[in-house]
Amino acid sequence: MKPLWALALLCVLCASCKKYETYAEQKEHEVDAIKSYIAKKGIKVITESEFFAKDSMTDASKNEYVLFNSSGVYMQIVNKGCGSKIMNKETVKVLCRFSERNVVTDSLRLSSVPRYTENMIVTNNNSTFTASFVSSLTEVSLMTSAYGSTSVPSGWLVPFSYIKVGRPAKENERVAEVNLIIPHTQGHSYASQNVTPYFYNISFQRGL
């Protein structure tokens, strides 16, 4: 058995090595973490061509996710939603409920369910979506409180090209719901700084 001082030194050295990893090494570890998460969760990855051939839909019963190569975002559309898409030049308030998990540790970090609604202002400008969280004295933004910014992560905006954002008016209508695996380049500031991928379950509903 190693003496306690040797174990302590080993811990310090391991922490030091992690601290001084190169960005390239951190990105490699992120890719490995995402691959491991996909395998662990039994996710079937389909190509963009397959996704578009299925009318821009994934089969949740088969646990399908589409990989968008340009962003590295993986998306599963659980429900396309009711109502209509956000039209070109339109700005709307979108109400969200979400949970956020660290992909590396598979641990829950944030969740608005069931107590909070995350509110965003979303604009479609020629199929390029931009958005900001609403954070004020009367409207609490968990994401802004946690990460210090009203900017919506780029990865959160990917679904808007494919889902409808409405309000259920009939018993069989549902709000849009997606699952996302978002690499650090498409995530919030903490994800970017720590080269950490996150998993999200998000529902979207049009605000009044």
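Everything below is about the structure shown above.
The structure displayed is predicted, hence computed values, not measured ones.

(A) View of the overall build of the protein. Along the protein, the regular secondary structure elements total six helices and nine strands. Taken along the three principal axes of its C-alpha coordinates, the protein extends 70 × 45 × 30 Å. Relative to all contacts within the protein whose residues are 6 or more apart in sequence, the contacts with residues 24 or more apart total 61%. Summed over all atoms, the accessible surface of the protein reaches about 11500 Å², with 54% contributed by carbon and sulfur. Across the protein, the mean location of the 23 positive side-chain charges is 3 Å away from that of the 18 negative side-chain charges.

(B) Spotlight on the packing of aromatic side chains. Considering all chains together, one arrives at twelve aromatic pairs under this definition. Through pairs of rings, three or more aromatic residues link up here, namely F51, F52, F68 and Y162.

(C) Looking closely at helix α2 (residues 23-40). Look at α2: 25 Å from first C-alpha to last across 18 residues, which is about the 26 Å you get at 1.5 Å a residue. Those residues of α2 lying buried are E30, A33, I34, Y37 and I38. Down the axis of α2, the smallest arc covering the buried residues is 130°, so these residues share one side. What points out from α2, more than 90 degrees from its buried face, is the exposed set E28, K35, A39 and K40.

(D) Fine view of the nonpolar core. Of all hydrophobic cores here, the largest spans 38 residues; its most connected members are V94, M120, W156, F160 and F204. Membership of the second largest hydrophobic core comes to ten residues, among which are I34, Y65, Y74 and V103.

(E) Molecular detail of the side chain of E21. Inspection of the secondary structure puts E21 in the loop between α1 (4-19) and α2. The contacts of E21, once residues within four sequence positions are left out, are Q26 and H29.

Analysis parameters
- Residues numbered from 1 in each chain as written.
- Predicted model: local features only at pLDDT ≥ 70, side-chain atom pairs only at ≥ 80, totals over all residues.
- Heavy atoms only, no water.
- Helix = DSSP H or I, 4+ residues; strand = E, 2+ residues; numbered from the N terminus.
- Contact = heavy atoms within 4.5 Å.
- Areas by Shrake-Rupley, 256 points an atom, 1.4 Å probe, with all protein chains shown as cover.
- Lys, Arg positive; Asp, Glu negative; His and termini not counted.
- Charge placed at Lys NZ, Arg CZ, Asp CG, Glu CD.
- Phe/Tyr/Trp six-rings, centres within 6.5 Å; stacked < 30°, edge-to-face > 60°.
- Expected span 1.5 Å × (residues − 1).
- Buried < 20%, exposed > 50% of the residue type's maximum accessible area, 1.4 Å probe, protein only.
- Arc of directions from axis to C-beta.
- Core = buried A, V, L, I, M, F, W, Y, C linked by side-chain atoms within 4.5 Å.

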